[in-house]
Amino acid sequence: DTAVSQTPKYLVTQMGNDKSIKCEQNLGHDTMYWYKQDSKKFLKIMFSYNNKELIINETVPNRFSPKSPDKAHLNLHINSLELGDSAVYFCASSRPGGENTIYFGEGSWLTVV
Amino acid sequence: QKEVEQDPGPLSVPEGAIVSLNCTYSNSAFQYFMWYRQYSRKGPELLMYTYSSGNKEDGRFTAQVDKSSKYISLFIRDSQPSDSATYLCATTPSNTGNQFYFGTGTSLTVIP
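Computed from a prediction, not measured in an experiment: that's the story for all the values here. (Residues numbered from 1 in each chain as written. Chains lettered and ligands numbered in written order. Predicted model: local features only at pLDDT ≥ 70, side-chain atom pairs only at ≥ 80, totals over all residues. Heavy atoms only, no water.)

Enquirer: Please set out the interface of chain B and chain A residue by residue, giving values where relevant.
Expert: Listed per partner, the contact involves 22 residues of chain B and 27 residues of chain A. For the chain B and chain A pair, buried surface summed over both sides reaches about 2,100 Å², with 55% attributable to carbon and sulfur atoms. The interface formed by chain B and chain A holds one salt bridge in total. In this structure, the salt-bridge partner of B:K42 is A:E106, at a minimum N-O distance of 3.3 Å. Counting the contacts that link chain B with chain A gives four residue pairs in polar contact (both at pLDDT 80 or more). Every element with two or more residues in the side of chain B that touches chain A is listed here: β4 (32–38), β5 (45–51) and β9 (85–92) of chain B. By residue class, the composition of the side of chain B that touches chain A is eight nonpolar, eleven polar and three charged. (Contact = heavy atoms within 4.5 Å. Buried area = accessible area lost by both parts, 1.4 Å probe. Salt bridge = Lys/Arg side-chain N within 4 Å of Asp/Glu carboxyl O. Polar contact = N/O pair within 3.5 Å; in protein donor to acceptor, adjacent residues only side chain to side chain. Helix = DSSP H or I, 4+ residues; strand = E, 2+ residues; numbered from the N terminus. Nonpolar A, V, L, I, M, F, W, Y, C, P; charged D, E, K, R; others polar.)

Here you go:
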């Protein structure tokens, strides 16, 4: 049973297209995140939702729009894709309290051509 | 200054060696520390979790936190080729928050 699952794993698309990445967690966590990992492996927070409410919104182009239909799902929609959007996007979740650790999905490799 | 600094390596060791991976952090408010292992084309997976100062051991892995010097370490004993991965340290100031700070990862290769 995959704890945090995201689809698609690989996505190749042309500049200017709109695409979505879906994420679901079955851990019962309240908080979900989108991270972007660059070529140097640095994980940069993009968004965080707690119980469907946006709580972290870092400086990200407004072409990126997260949507959380319920606390187990957090999707990422990207409009008008640019070459610089090529990266790996990780969905993650955590449950504050106790061992407050963050669990990641397998990643979505986005290549914009 | 980044909240967490980590030497990116790469680090290459022979099989069986003891590996030491290290991070420093800037904020004394950080209380909870984690190590993640990330294989190629995979997501980071939680390896070790520690609270405050001290050591925690799990099999061949030992996590160490020295809050006085703001230094965190991961030791791998009897390293195996399957340990070849990128290791990321992470920290958070509380167990109720949602702010996690990551190092940039150290790439490790264990040569058979």
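Text resumes after the structure shown.
Enquirer: Provide a residue-level description of the state of the cysteines, including the pertinent values.
Expert: Cysteine pairs can be linked by a disulfide, which is a covalent bond between their two sulfur atoms. Summed over all chains, the structure comprises two disulfides over all chains. Across the disulfide, A:C23 is cross-linked to A:C91 (sulfur-sulfur distance 1.8 Å). Of note, the bridge from A:C23 to A:C91 carries an S-S torsion of about -80 degrees and is left-handed in sense. Here A:C91 lies in strand β9 (residues 87–94) and A:C23 lies in strand β3 (residues 19–25), a separation of 68 residues in the sequence. Accessibility classification places A:C23 together with A:C91 in one group, the buried group. Note on cysteine connectivity: B:C23 is disulfide-linked to B:C89, with sulfurs 1.9 Å apart. The disulfide joining B:C23 to B:C89 has a torsion of about -100 degrees about its S-S bond and is therefore left-handed. On the criterion of sequence distance, the pair formed by B:C23 in strand β3 (residues 19–25) and B:C89 in strand β9 is long-range, its members being 66 residues apart. On the accessibility criterion, B:C89 (0% relative accessible area) is buried. (Disulfide = S-S within 2.5 Å. Buried < 20%, exposed > 50% of the residue type's maximum accessible area, 1.4 Å probe, protein only.)

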